[in-house]
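Below are the chains, spelled out letter by letter.
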Amino acid sequence: MEDLNARTFDSTDSRLTKWHIQILSCVKGSSKSESKISSQTELNPLIVSQLVTDLMENGLVERTLKRKMRIYYREYFSATLDGVALLETTRPRENDLVGRIISFLS
């Protein structure tokens, strides 16, 4: 059985869909809950849950639990270093002149 981790993904890999990339870019800057990710990406919360689970299995997103009270906690998800590196290789940089030209032509 093949070991799937962030190192096996590349920008041409078919297992990484545009929704995976959209979720990675959403949690890149700060950690967010599934409901916040769902509202920002405009996807169904159940689909977001499945996509986040896929990303967690591949080591691209990590989960942290933050307690509000003794019995109440909330799960937050954030991108790992591998996830950010993969995100940077899949999207051209907007600050880069070549990246802007490519995005303009496509």
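Data block above holds the structure.
Residues numbered from 1 in each chain as written. Predicted model: local features only at pLDDT ≥ 70, side-chain atom pairs only at ≥ 80, totals over all residues. Heavy atoms only, no water.

Asks: Tell me about the overall build of the protein, and please be specific about residues and values.
Replies: Counting secondary structure elements, the protein contains 5 helices and 2 strands. In the protein, the succession of α and β elements from N to C terminus is α-α-α-β-β-α-α. With 106 residues in all, the protein has 29% of them scored as buried. When contacts within the protein are restricted to residue pairs at least 6 apart in sequence, those whose partners lie at least 24 apart make up 50%. (Helix = DSSP H or I, 4+ residues; strand = E, 2+ residues; numbered from the N terminus. Buried < 20%, exposed > 50% of the residue type's maximum accessible area, 1.4 Å probe, protein only. Contact = heavy atoms within 4.5 Å.)

Asks: A description of the packing of helix α1 (residues 18-26) against helix α4 (residues 81-90) should follow, citing residues and the corresponding values.
Replies: Two packed helices can be described by the angle between their axes and the distance between those axes. Look at α1 against α4: their axes get within 10 Å of each other, and the N-to-C directions meet at 120°. Considering their axes alone, α1 and α4 lie oblique with respect to each other. α1 and α4 meet at a crossing whose hand is left-handed. Listed contacts from α4 to Ile-21, Leu-24 and Ser-25 of α1 are Gly-83, Leu-87 and Thr-90. (Axes fitted to C-alpha atoms, helices over the stretch in contact; angles between N-to-C directions. Parallel < 35°, antiparallel > 145°, perpendicular 65-115°, else oblique. Left-handed = near helix turned anticlockwise from the far one by under 90°.)

Asks: Got a sec to walk through the nonpolar core? Specific residues and values, please.
Replies: In this structure, Ile-23, Leu-24, Ile-37 and Leu-55 are the most contacted members of the largest nonpolar core, which totals 17 residues. Going through the elements one at a time, α1, α3 (45-57), β2 (73-79) and α4 are the ones with two or more residues in this core. At 4 residues, the largest contribution of residues to this core is made by α3. Setting aside chain neighbours within four positions, we find Leu-24 in contact with Leu-55, Leu-60, Val-61, Ala-79, Gly-83 and Leu-87. (Core = buried A, V, L, I, M, F, W, Y, C linked by side-chain atoms within 4.5 Å.)

Asks: So what's going on with unusual backbone geometry? Residues and values would help.
Replies: Positive phi, close to 60°, is recorded for Glu-42, a residue that is not glycine. Along the chain, Glu-42 turns up in the loop between α2 (34-41) and α3. For Glu-42, a relative accessible area of 71% corresponds to the exposed category.

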